[in-house]
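Working through the structure, step by step
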Amino acid sequence: MAGRLDGKVAVITGGGNGLGRASAVRFAEEGAAGIVVADVLEGPALETVALVEAAGGAAVFVPLDATSRVDNEAMVTTAVERFGHIDVLLTAAGVSHGGYRSGDLDASRKRMLDRVDNVTTPWVPFLELSVDEFQAVLDVNLTGTLLAVQAVAAHLVEAERPGSIITVASIMARSDTGPVPYNVSKAGVWMLTKIAARVLAPRRIRVNAIGPGYVSTNMTAALTEMPPELLGPFMAAIPMGRLGEPVEIANTALFLASDESSYFTGELLHPDGGFFTG
Ligand SMILES: NC(=O)c1ccc[n+]([C@@H]2O[C@H](COP(=O)([O-])OP(=O)(O)OC[C@H]3O[C@@H](n4cnc5c(N)ncnc54)[C@H](O)[C@@H]3O)[C@@H](O)[C@H]2O)c1
């Protein structure tokens, strides 16, 4: 049976965990010819490579610090050397705060408790926000997205090939509750996506964003441990009453990666359990 990505080559930043990993596996299940798993964490990324191979696909790990132009360009070079060309980019590398390390649950728990402490005094974290913290999040989430998009788009323009670029924003791109660096970085990703879509459309390169709601990954693992008086209102804001599963975001990425979305560009899709309609 024909797959929805037959013959396509995809590069996935942040492919070592969560949404990036789920997308790598779904892309392989739908016939992708090759997947580049780029991540700052080698161990989890190699696990993703093994999962892709178990799904019948081919994958290669590329070490990537998303904030480095050199690394992003090397990622593209490796993809082309290994698989011949690139059709799809998914930028899933991201952090919730400076110093975030995917899988360090103890640090995430501590962070969550700090946030809970500030619920009744929201001006305190705002006034105490350091430039270092602000910059660290913008560097990965926003500058990292820009660098990956530039590197892949430069290859597509040079090779005169069409392509689909998918960025990962968040419901927080359109929300005024949440940590300033994260929300601002995701609002930036949204605008970057719209501008990139406009300027790259004449070259047959589509650029769309996914704005997930809360999804069960390392990034949100500590959330569900909040005290009931905070977890209750939090869950009430999600009309479907549950967190999303990574595969539900991967299926959105799959649609945007495939030719089924051929008339979409500059769009922000929200798989979010109805968050905006609640
Ligand atoms: N989980 C959610 O609820 C949710 C909701 C909306 C948006 N998002 C966004 O989705 C994306 C993926 O998040 P996730 O939930 O899968 O988290 P995750 O922690 O499971 O995965 C993030 C991946 O990005 C990698 N990464 C982090 N910094 C990097 C860097 N400098 N260079 C290269 N790789 C780096 C991590 O190693 C990890 O493998 C992020 O941009 C996140 O902001 C997540």
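Preceding this paragraph is the structure being described.
In what follows, the accompanying structure is described. Since the model is a prediction, treat every value here as computed from it, not as a measurement.

Here is what the cut-offs are and how they apply
- Sequence order as written defines residue numbering, which begins from 1 separately in each chain.
- Note on the predicted model: pLDDT of at least 70 is required for a residue's local features to be given, and 80 or more for side-chain atom pairs to be given and counted; whole-chain, interface and lining totals, by contrast, use all residues.
- Side-chain calculation: all heavy atoms of the structure are included, whereas hydrogens and water are not.
- Put simply, DSSP H or I for four residues or longer makes a helix, DSSP E for two residues or longer makes a strand, and each gets a number counted from the N terminus.
- Radius of gyration here uses only the C-alpha atoms, and the compact-globule reference equals 2.2 Å multiplied by the residue count raised to the power 0.38.
- Residue exposure (1.4 Å probe, protein chains only): buried if accessible area is under 20% of the type maximum, exposed if over 50%, otherwise partly exposed.
- Residues count as neighbours in contact if any of their non-hydrogen atoms are within 4.5 Å of one another.
- Here the open area of atoms and residues is found with the Shrake-Rupley method and a 1.4 Å probe, where only the protein chains shown may cover a residue.
- We score Asp and Glu as negative and Lys and Arg as positive, and we do not count His or the chain ends.
- Charge coordinates come from a single atom per side chain, which is NZ of Lys, CZ of Arg, CG of Asp or CD of Glu.
- A helix is expected to span 1.5 Å for every residue after the first.
- Fitting a line to C-alpha atoms yields each axis, with helices limited to the stretch in contact; the angle taken between N-to-C directions then spans 0 to 180 degrees.
- Left-handed describes a crossing in which the near helix is turned anticlockwise from the far one by less than a right angle; the clockwise case is right-handed.
- The classification used treats Ala, Val, Leu, Ile, Met, Phe, Trp, Tyr, Cys and Pro as nonpolar, Asp, Glu, Lys and Arg as charged, and all other residues, Gly among them, as polar.

This part is about the overall build of the protein chain. Along its length, the protein chain carries nine helices and seven strands. Over its C-alpha atoms the protein chain spans a radius of gyration of 18 Å, differing by no more than 12% from the 19 Å that the globule rule assigns to 278 residues. Each principal axis of the C-alpha atoms in the protein chain carries an extent, and together these give about 55 × 40 × 35 Å. By the burial criterion, 48% of the 278 residues in the protein chain qualify as buried. Within the protein chain, counting contacts between residues at least 6 apart in sequence, those at least 24 apart form 76% of the total. Of the accessible surface of the protein chain, which amounts to about 12900 Å², a share of 57% is contributed by carbon and sulfur atoms. Distance between charge centroids for the protein chain: 6 Å, based on 20 positive and 31 negative side chains.

A rise of 1.5 Å per residue sets the reference length of helix α7 (residues 180-200), with its 21 residues, at 30 Å; its end C-alpha atoms lie 30 Å apart and thus fit the reference within 8%. Regarding α7, the residues found buried are Pro181, Tyr182, Asn183, Ser185, Lys186, Gly188, Val189, Leu192, Thr193, Ala196, Ala197 and Leu200. On the buried face of α7, the contacting elements are α6 (131-159), β5 (163-168) and β6 (205-210).

A few words on the packing of helix α3 (residues 69-83) against α6. Running from N to C, α3 and α6 cross one another at 40 degrees; their axes reach a closest spacing of 9 Å. Judged by the twist between their axes, the crossing of α3 over α6 is right-handed. Residue-level contacts link Arg69, Asn72, Glu73, Met75, Val76 and Val80 of α3 to Gly144, Leu147, Ala148, Gln150, Ala151, Val152 and His155 of α6. Considering only residue class, the contact of α3 with α6 consists of seven nonpolar, four polar and two charged.

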